[in-house]
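Listed below, chain by chain, are the residues.
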Amino acid sequence: MSKNKAPYIGENSPLNRITAYFSALQSSAEEYLFVVDLNSNMILLSDNFVKDFDFPSNIVDDFNNLIMPFIYHDDREIFEEAMKDIWTEEKGKSVKCEFRLLHSNGEYGWVNMSMTVGGDEFSERPEILCGVIKRLDEVARADYITGLLRRSVFYSDLQKELDTPNSHGSVIIISLDNFNVITETYGHKFGDSALRQIAQNITNVLPPDIKLYKLDGYNFGLFMPDAMPEEVEIIFASVQLCMREIRNVEDTIYCTASAGAAFYPDDAKDITTLTRYAEVALELARQKGRDQISFFEKEPYERWRYDIGMQNLMQNCIARGCEDFFLCFQPQVDAKDGRLLGAEALLRWYDNDGSIVAPMQFIPMLEKSRMIIPVGHWIIENAVIVAKKWQKYMPNFQMSINISLYQLEERMFYPFVEDCIARHQIDPSTLVFELTESHNIYDWDFVNKQFAAFHDLGIKIAIDDFGTGFANIGFLKNFKCDIVKIDRMFVEDLKHNEFNRNILKHSIKLCHSIGMEVVIEGVEQEDEYLFVRDECGVDQIQGFYFGYPEMEDVFEKRLKK
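From a predicted model like this one, the values you see are computed outputs, not experimental measurements.

Analysis parameters
- Residues numbered from 1 in each chain as written.
- Predicted model: local features only at pLDDT ≥ 70, side-chain atom pairs only at ≥ 80, totals over all residues.
- Heavy atoms only, no water.
- Core = buried A, V, L, I, M, F, W, Y, C linked by side-chain atoms within 4.5 Å.
- Buried < 20%, exposed > 50% of the residue type's maximum accessible area, 1.4 Å probe, protein only.
- Helix = DSSP H or I, 4+ residues; strand = E, 2+ residues; numbered from the N terminus.
- Contact = heavy atoms within 4.5 Å.
- Pairing = 2+ DSSP bridges.
- Axes fitted to C-alpha atoms, helices over the stretch in contact; angles between N-to-C directions.
- Arc of directions from axis to C-beta.
- Disulfide = S-S within 2.5 Å.
- Salt bridge = Lys/Arg side-chain N within 4 Å of Asp/Glu carboxyl O.

With that settled, consider the nonpolar core. Ranked by internal contacts, the top residues of the largest apolar core, which has 79 residues, are Phe325, Ile380, Met399, Phe433 and Leu504. It is helix 13 (residues 372-390) that provides the largest number of residues to this core, a total of eleven residues. In contact with isoleucine 380, other than residues within four places in its own chain, are Ile401, Ile403, Gln407, Phe413, Phe416, Val417, Cys420 and Phe433. Of all hydrophobic cores here, the second largest spans 33 residues; its members include Ile202, Cys242, Ala257 and Phe263.

Written out as structure tokens, the structure is:
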């Protein structure tokens, strides 16, 4: 059928009588509209319907055949059944259905079609069928809990602001800090109510011309044209105050929020970059302790990007069997005569350009991301293999291996260690597990129970970095271990620092009094060695004075001498 030649509508058709009303209605509607003359089967389509689907005319007589190619093939039966069901002599009958329709962007999306049969009061039978097809992503423009407009509208409105000549201002993302705890404690019904309260409270403190949008999770967004940093801080301070108390029937619930802000056009000029920068600033606020706002800065962002890049590289490395990781070994010697007793296995990593990454750059990332769990398996496996090989040269060679709290929490960690020992047939009494990151321990009963199981296998337990942070004298009261490793900070400047000398001597004496061996780390000078040997009576020494961390082949030469 030619686009220029529409079907003829008879003079008595109800479509003629409603054309003016239909024209006015479609001009203010985003939905696709259609009206069917039930006597002649002629269909009147809205202009947007004709345009988006390239229909031949506003008046058609084969609507079903025209729209069917645009309906997802699995959903065509739904449409056909709905059209059959609505074809009736009953005035006022309505039919609704949902199906996927090919949109003008070339992608299928869900739509809702509603149809109603009608006619005027004088007609004996229905005359017209009115229909509306609405995209469901348009239906969901507002969040059903808070009533706020959603992310898609936020992006649309922000784009209009950015398109305005000479526009400048700030994009702000606000995130509720502990709202999941509130929901878990008081239930989802109260959580929904509280979220509505918070959304309303924040809206009330914003200037009248600033909209609040609901993004995903417990995040909100807004943008402030012409805003300076000082104004953003004032607005956020108001937000903090307005959401301090959430009323419950029995309790007053306290909630805090963190926020990140980026400025346009100074930080960025496009939506994607602006919102990403605001989210990066939000993450920085969380890292600083939450309940505050941070502004986007290039330097922290570059560090964040570097960290993300490092994490991705490490994930890829793990997926390839940890092929870019390797172990170095630092000698541990008998303090009395300098005789080699064993070594500590130290993890190292080649970056993608082949350079060795400093341990302090990547090991904290492994801990934080819990990638230390698979990497820890690799470390233990390879350290045990090396120890077993070196015990051919030195039967009692002792291998010390760092263990993270995250590894202890892993359900399969103990079975893995047990299996590793059995497979390589190594004497477990020649292995030492050194606990790192001890400041994260909150459940001593759990930790001691885990290490008791390793004790039963024959593995010795050591506490690393004694004297720093939480690894202090009070720590020994809770932690049942065999070996204490004292940090280098107590070895530095021993010649001129009487306080350090006294602390070191008494700490070692205390450890010996409760049956613990002591290893001093970081011994680099002869005078340091002589003092800890002769004045302190330390058991073992580990430090540059006796050897740097060495590659496997280099260290092995020590054993073959």
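The rest of the description comes next.
So, about the pairing of strand 14 (residues 325-334). For strand 14, a buried count of ten out of ten residues is recorded, marking the element as mostly surrounded by other parts of the structure. By the bridge criterion, nine bridges tie strand 14 to strand 15 (residues 340-350) in an arrangement that is antiparallel. Pairing of phenylalanine 329 across the sheet is with alanine 345, part of strand 15. What sits between strand 14 and strand 15 in their antiparallel hairpin is a turn of five residues, with glycine 338 showing a positive phi close to 75°. Two strands pair when backbone bridges link them, and strand 14 and strand 23 (residues 550-551) are joined in this way by two bridges, in the antiparallel orientation. Within strand 23, the position partnered with cysteine 328 by the bridge is methionine 551. Pairing of strand 14 with strand 22 (residues 540-542), which is carried by two bridges, proceeds in the antiparallel orientation. Each bridged residue has a counterpart across the sheet, and for valine 333 the counterpart in strand 22 is isoleucine 541.

All right, on to the sheet that holds strand 9 (residues 219-225) then. Pairing is mixed across the open sheet formed by five strands, whose spatial order is 8-9-7-12-13. Looking at the sheet topology across the chains shown, the edges are occupied by strand 8 (213-214) and strand 13 (293-295). Together, strand 7 (169-176), strand 9, strand 12 (257-264) and strand 13 form the strand contacts of helix 10 (residues 271-287), whose direction differs from that of strand 12 by roughly 145°.

Following the sequence through the fold, methionine 516 ends up in the loop between helix 18 (498-513) and strand 21 (517-521). Sequence separation between methionine 516 and alanine 462 is 54 residues, and the spatial gap between their C-alpha atoms is 9.3 Å. Beyond its immediate stretch of four places on either side in the chain, methionine 516 contacts Leu476, Phe479, Cys481, Asp482, Val484, Cys511 and Asp539.

Our focus in this paragraph is unusual backbone geometry. Of note, the amide linkage connecting tyrosine 264 to proline 265 takes the cis form, showing an omega dihedral of 5°. Among the structural elements, proline 265 can be located in the loop between strand 12 and helix 10. Residues other than glycine seldom take positive phi values, yet arginine 290 does so here, at roughly 70°. With respect to the helices and strands, arginine 290 occurs in the loop between helix 10 and strand 13. On the basis of relative accessibility, which here comes to 39%, the residue arginine 290 falls in the partly exposed class.

Attention now moves to helix 7 (residues 179-186). Residues of helix 7 that are buried: Phe179, Ile182 and Thr183. Projected onto a plane normal to the axis of helix 7, the buried residues spread over an arc of 95° and lie on a single side. Facing away from the buried side of helix 7 by over 90 degrees, the exposed positions are Glu184 and Thr185.

Covalent bonding between the sulfur atoms of two cysteines is what defines a disulfide. Using the criterion set out here, one finds zero disulfides in the structure. With no disulfide of its own, cysteine 317 lies closest to cysteine 322 among cysteine sulfurs, the gap being 5.4 Å. You can see cysteine 481 has no disulfide; the closest cysteine sulfur is in cysteine 511, sitting 7.7 Å from it.

Attention now moves to the pattern of salt bridges. For the coordinates displayed, the defined rule picks out 26 salt bridges. With a closest N to O distance of 3.7 Å, aspartate 157 and lysine 211 form a salt bridge. You can see aspartate 157 sitting in helix 6 (residues 151-163) and its partner lysine 211 sitting in the loop between helix 8 (188-205) and strand 8, a full 54 residues away along the chain. A relative accessible area of 14% means that aspartate 157 is categorised as buried. On the basis of relative accessible area, lysine 211 is assigned to the partly exposed category, the value being 46%. The salt bridge involving glutamate 524 is made with arginine 488; its shortest N-O contact spans 3.6 Å. In this pair, glutamate 524 is assigned in the loop between strand 21 and helix 19 (526-534) and arginine 488 in the loop between strand 20 (483-486) and helix 18, connecting sequence segments 36 residues apart. Within this structure, Glu344, Glu434, Lys485 and Glu521 form a network of salt bridges that share partners.

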